[in-house]
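Architecture and fold: a report
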There are 2 protein chains.
Amino acid sequence: MICGIDIGGTNTAIGIVNIKGNILCETSIKTAEYATVNLFVENIALWIQNYCTTSSEPLEGIGIGCPNGNFYTGCMLNAPNMPFKGNVHFIDLFKKYFKNLPIVLTNDANAAAVGEMIYGKAVGLHNFAMITLGTGLGSGFVVNDELIYGYDGLAGELGHTIIIINGRSCACGRKGCLERYVSASGILQTYQEICTEEQCSPLYKGYKELCEAGKKGDPYVLRCFDKTAEILGIALANTAAITGPSHFFLFGGVAQGGSLLLKPTRAYFEKNVLFTSVGNIKIEISGLLNKNAAVLGAAALVQKHILSILTDEQ
Amino acid sequence: MICGIDIGGTNTAIGIVNIKGNILCETSIKTAEYATVNLFVENIALWIQNYCTTSSEPLEGIGIGCPNGNFYTGCMLNAPNMPFKGNVHFIDLFKKYFKNLPIVLTNDANAAAVGEMIYGKAVGLHNFAMITLGTGLGSGFVVNDELIYGYDGLAGELGHTIIIINGRSCACGRKGCLERYVSASGILQTYQEICTEEQCSPLYKGYKELCEAGKKGDPYVLRCFDKTAEILGIALANTAAITGPSHFFLFGGVAQGGSLLLKPTRAYFEKNVLFTSVGNIKIEISGLLNKNAAVLGAAALVQKHILSILTDEQ
């Protein structure tokens, strides 16, 4: 029995997960309602402790996924959109309540990649990438069966690769980041630009509305998804040339748009990928899309950690 | 005692290397002078066998680096600029002469990365990238102490990531590949474009000439290197966001230009890298620049392979 925690800017989800990936019990709290990070962690710890007193099984570990989570340091570093600023050492904060348990932290997209690897469509795959499309664009890369953490524990930031030199301004302080084009807000901006070009007022303000209009065949919305897919297709083709994944899995609110984005992305990917990979790399919707994947992923992360400790001891 | 072979479109270098990375004996042959690949391999095999009869030490393995070399299949696949076309199964061809020896093949940039890891500046590093700058741009990535081969054995093609959408035409059939800007021929093209803009005739036709003029302060040549460095700096910043290397090592004929390219590349890299990595990632000239690194790398590759077999057996 493992606890998975997905810390987000708006909501934080907590779940108790068994080894088969079934969520036994879960809850969600509003992250910003806590005046301090200590009160936030205390509340989560009390919920977990409360569950433990009602269960016959022992809790074996805690996995945490959060934006800008650093696997090596156990910290969340200057995450935008989070009420807790600076360098937040979540592992130390949780250790106060669960001294003897293994606790592991990484960024939310890495956690989702581990979730896909253990409970989703990536079971048995050795090289794949998880792309989380929502407010931003996150990514987690598995190479030779292992997550890429990089030298500093912060690797896998495909959303902050520059896809258009001197392009749109990004919150990270630079210009042309992929996230500014391929994310809910980026797609809406593209739609607004198309409307400006066509000298008409944008009809849709939210991403869900835009998807509905696209499914009904609105030509400007379809052009907007085509433009988005072109940029995403090129970015994935570039990524394929570097890390050589057999599969890309798309996850998150934007991926729920389904074939509206997926179909043209596959076409632009095939058009732009190096000839040696044409027809060989699959782009699919995550197998965890309708599950609480981030909680599952965070739980899978600590499960993987415990297994690696057991393997090392043998 | 190990044999390293670096197969190139013009020259093929063969060396006998000891465990310390000293080349005991080496030779070079003209690749295109052989009517068939069988004659080419036979000639190399005879040279190696001849050396072995004069040595008291036994030969323990053969490592091969070549363009488009596939680690998994042992083949060179449709390499441009090579006289031998199609899918050339070099491991099978060499096995005819060295039936019981371990023989390993990969692409030349991967071999150079392994060389850097075992004999160069990357000793003890866990995450780094090797960028080979010559006629083209090759790359080899080490993540979690292992080369990234990717699902198909062909990963690490940074030169064929699209850095400028709809940019210069590339021999791979696409447009805007990094290699078309950051390579000897790409840099010369940038210089010619600057001269056209400035309505003057290009003074320098070769890359070495261009470097000499740059060192003497020719303003158009300096602007050309600045432009190249900007593109390379952005590409390395993008790569850093994906694989998180602590170091980039530059290798090859273009890297021999030294600070002319290195200094502005570092500046553009710092300007374009994600804020979490500013000041943390080093770009350096390879430690093997003045050695026969490709031969050393190919030898290091098979040495690493033999060590991993020994470790697995223990």
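Residues numbered from 1 in each chain as written. Chains lettered and ligands numbered in written order. Predicted model: local features only at pLDDT ≥ 70, side-chain atom pairs only at ≥ 80, totals over all residues. Heavy atoms only, no water.

Looking only at helices and strands, one finds eight helices and 13 strands in chain A. At 20 Å, chain A has a C-alpha radius of gyration in line with the 20 Å of a compact globule built from 314 residues. Overall, chain A is about 60 × 45 × 35 Å in size when its C-alpha atoms are taken along their principal axes. By residue count, 60% of the 314 residues in chain A fall in the buried class. Sequence separation of 24 or more characterises 61% of the internal contacts of chain A that already satisfy a separation of 6 or more. Carbon together with sulfur atoms contributes 52% to the accessible area of chain A, which is approximately 12,800 Å² in total. (Helix = DSSP H or I, 4+ residues; strand = E, 2+ residues; numbered from the N terminus. Rg over C-alpha atoms; globule rule 2.2 N^0.38 Å. Buried < 20%, exposed > 50% of the residue type's maximum accessible area, 1.4 Å probe, protein only. Contact = heavy atoms within 4.5 Å. Areas by Shrake-Rupley, 256 points an atom, 1.4 Å probe, with all protein chains shown as cover.)

Note that A:Leu154 resides in the loop between strand S11 (146–147) and helix H4 (184–197). For A:Leu154, a relative accessible area of 13% corresponds to the buried category. Once you skip the residues sitting within four places of it in the chain, A:Leu154 turns out to touch A:Asn68, A:Gly69, A:Asn70, A:Leu77, A:Tyr149 and B:Thr276.

Quick look at the state of the cysteines now. In this structure the tally under the stated criterion is zero disulfides over all chains. In this structure A:Cys224 is not part of a disulfide, and its nearest cysteine sulfur, from A:Cys195, lies 8.7 Å away. On the basis of relative accessible area, A:Cys224 is assigned to the buried category, the value being 0%. Note on B:Cys66: no disulfide assigned, nearest cysteine sulfur contributed by B:Cys75 at a separation of 9.3 Å. (Disulfide = S-S within 2.5 Å.)

What follows is about helix H7 (residues 259–272) of chain B. Residues and elements named next belong to chain B. Its 14 residues place the ends of H7 19 Å apart at the C-alpha level, agreeing with the 20 Å of an ideal helix rising 1.5 Å per residue. Along H7, the positions that sit buried rather than exposed are Leu260, Leu261, Leu262, Pro264, Thr265, Tyr268, Phe269 and Asn272. Residues of H7 that are buried in the fold lie against strand S9 (128–133), helix H5 (207–215), helix H6 (219–243), strand S12 (247–251) and strand S13 (282–285). (Expected span 1.5 Å × (residues − 1).)

Attention now moves to the sheet that holds S9(B). Residues and elements named next belong to chain B. The strand order across the open sheet formed by five strands is S11-S10-S9-S12-S13, and the pairing between neighbours is mixed. The outermost strands of the open sheet, each flanked by one partner alone, are strand S11 (146–147) and S13. Relative to S13, S12 runs parallel, the two being bridged by four bridges. Counterpart to leucine 250 in the pairing with S13 is isoleucine 285. Here helix H3 (residues 108–119) sits on the sheet and contacts S9, strand S10 (137–143), S11 and S12; the angle it forms with S9, its principal contact strand, is near 125°. (Pairing = 2+ DSSP bridges. Axes fitted to C-alpha atoms, helices over the stretch in contact; angles between N-to-C directions.)

On to empty space enclosed by the protein. For the structure on display, the rule yields three cavities of 30 Å³ or more. Reported here for the largest cavity is a volume of approximately 180 Å³. When residues of the lining of the largest cavity are traced back to their parent elements, those giving at least two are helix H6 (219–243) of chain A together with H6 of chain B. The residue inventory of the lining of the largest cavity, partitioned by class, reads ten nonpolar, six polar and no charged. (1 Å grid on protein atoms, 1.4 Å probe; cavity = no way out; pocket = protein on both sides within 12 Å on 5 of 7 lines; lining within 4 Å. Points joined across faces, edges and corners; volume = space filled by probe spheres on them. Nonpolar A, V, L, I, M, F, W, Y, C, P; charged D, E, K, R; others polar.)

Mapping between the two copies of the chain is achieved by a rotation about an axis and a shift along the axis. You can overlay chain A on chain B at an RMSD of 0.0 Å; the transform is a turn of 180° with a shift of 0.0 Å along its axis. Overall, the copies show the geometry of a two-fold rotation axis. Here 100% of the contact residues of chain A are again contact residues in chain B; the copies associate through an equivalent surface. (Least-squares fit on C-alpha atoms with pLDDT ≥ 70 in both.)

Let us now look at the pattern of salt bridges. Under the counting rule described, the total for this entry stands at ten salt bridges over all chains. Measuring nitrogen to oxygen at the nearest pair gives 2.5 Å for the salt bridge that ties B:Arg223 to B:Glu198. Separated by 25 residues along the polypeptide, B:Arg223 in helix H6 and B:Glu198 in the loop between helix H4 (184–197) and H5 bring together distant segments of the chain. The class for B:Arg223 is partly exposed, based on a relative accessible area of 34%. Looking at B:Glu198, the relative accessible area reads 31%, which means it is partly exposed. Each of A:Glu197, A:Glu198 and A:Arg223 takes part in one network of salt bridges that share partners. (Salt bridge = Lys/Arg side-chain N within 4 Å of Asp/Glu carboxyl O.)

We now examine the interface of chain A and chain B. Every contact between the two is made by 44 residues of chain A and, on the other side, 44 residues of chain B. Summed over both partners, the interface of chain A with chain B buries about 3,600 Å², with 64% contributed by carbon and sulfur atoms. Across the contact surface, chain A and chain B share zero salt bridges. Along the contact surface separating chain A from chain B lie 16 residue pairs in polar contact (both at pLDDT 80 or more). Mapped onto the side of chain A that touches chain B, the elements with two or more residues apiece are strand S10 (137–143), S11, H6 and helix H7 (259–272) of chain A. In terms of residues, the side of chain A that touches chain B owes the most to one element, H6(A), which gives six residues. Class assignment for the residues of the side of chain A that touches chain B results in 22 nonpolar, 17 polar and five charged. (Buried area = accessible area lost by both parts, 1.4 Å probe. Polar contact = N/O pair within 3.5 Å; in protein donor to acceptor, adjacent residues only side chain to side chain.)

A word on the environment of B:Leu288. Residues and elements named next belong to chain B. Its location among the elements puts leucine 288 in the loop between S13 and helix H8 (293–313). Expressed as a C-alpha distance, the spacing of leucine 288 and histidine 305, which sit 17 residues apart in the sequence, is 21 Å. The contacts of leucine 288, once residues within four sequence positions are left out, are Gly115, Glu116, Tyr119, Gly120, Phe251, Ala293 and Leu296.

All right, on to the confidence of the model for chain A then. Within chain A, residue pLDDT values average 93, and 100% of them lie at 70 or more. For this predicted complex, the interface confidence reaches an ipTM of 0.92, while the overall pTM sits at 0.93. (pLDDT = per-residue confidence, 0-100.)

Another aspect to go through is the packing of H5(B) against H6(B). Describing two packed helices takes the angle between their axes plus the distance from one axis to the other. Residues and elements named next belong to chain B. Closest axis-to-axis distance for the H5/H6 pair is 8 Å, and the angle between their directions is 110°. Between H5 and H6, the angle falls in the class roughly perpendicular. Contacts between H5 and H6 involve Tyr207, Leu210, Cys211, Ala213 and Gly214 from the first element and Val221, Leu222, Cys224 and Phe225 from the second. (Parallel < 35°, antiparallel > 145°, perpendicular 65-115°, else oblique.)

Next up on the list: the packing of aromatic side chains. Counting across every chain of the model gives 23 aromatic pairs over all chains. For the pair B:Phe71 and B:Tyr149, a centre-to-centre distance of 3.8 Å together with 5° between the ring planes defines the contact as stacked. Residue B:Phe71 is located in the loop between strand S5 (69–70) and strand S6 (75–77), and its partner B:Tyr149 is located in the loop between S11 and H4; the two are separated by 78 residues in the primary sequence. Exposure remark for B:Tyr149: the relative accessible area of 10% places this residue in the buried category. Counting every residue linked through ring pairs, the aromatic cluster contains A:Tyr34, A:Phe40, A:Phe84, A:Phe90 and A:Phe94. (Phe/Tyr/Trp six-rings, centres within 6.5 Å; stacked < 30°, edge-to-face > 60°.)

So, about unusual backbone geometry. The phi angle at A:Asp145 is positive, at roughly 70°, despite the residue not being glycine. Following the sequence through the fold, A:Asp145 ends up in the loop between S10 and S11. For B:Asn144, which is not a glycine, the phi torsion comes out positive at approximately 50°.

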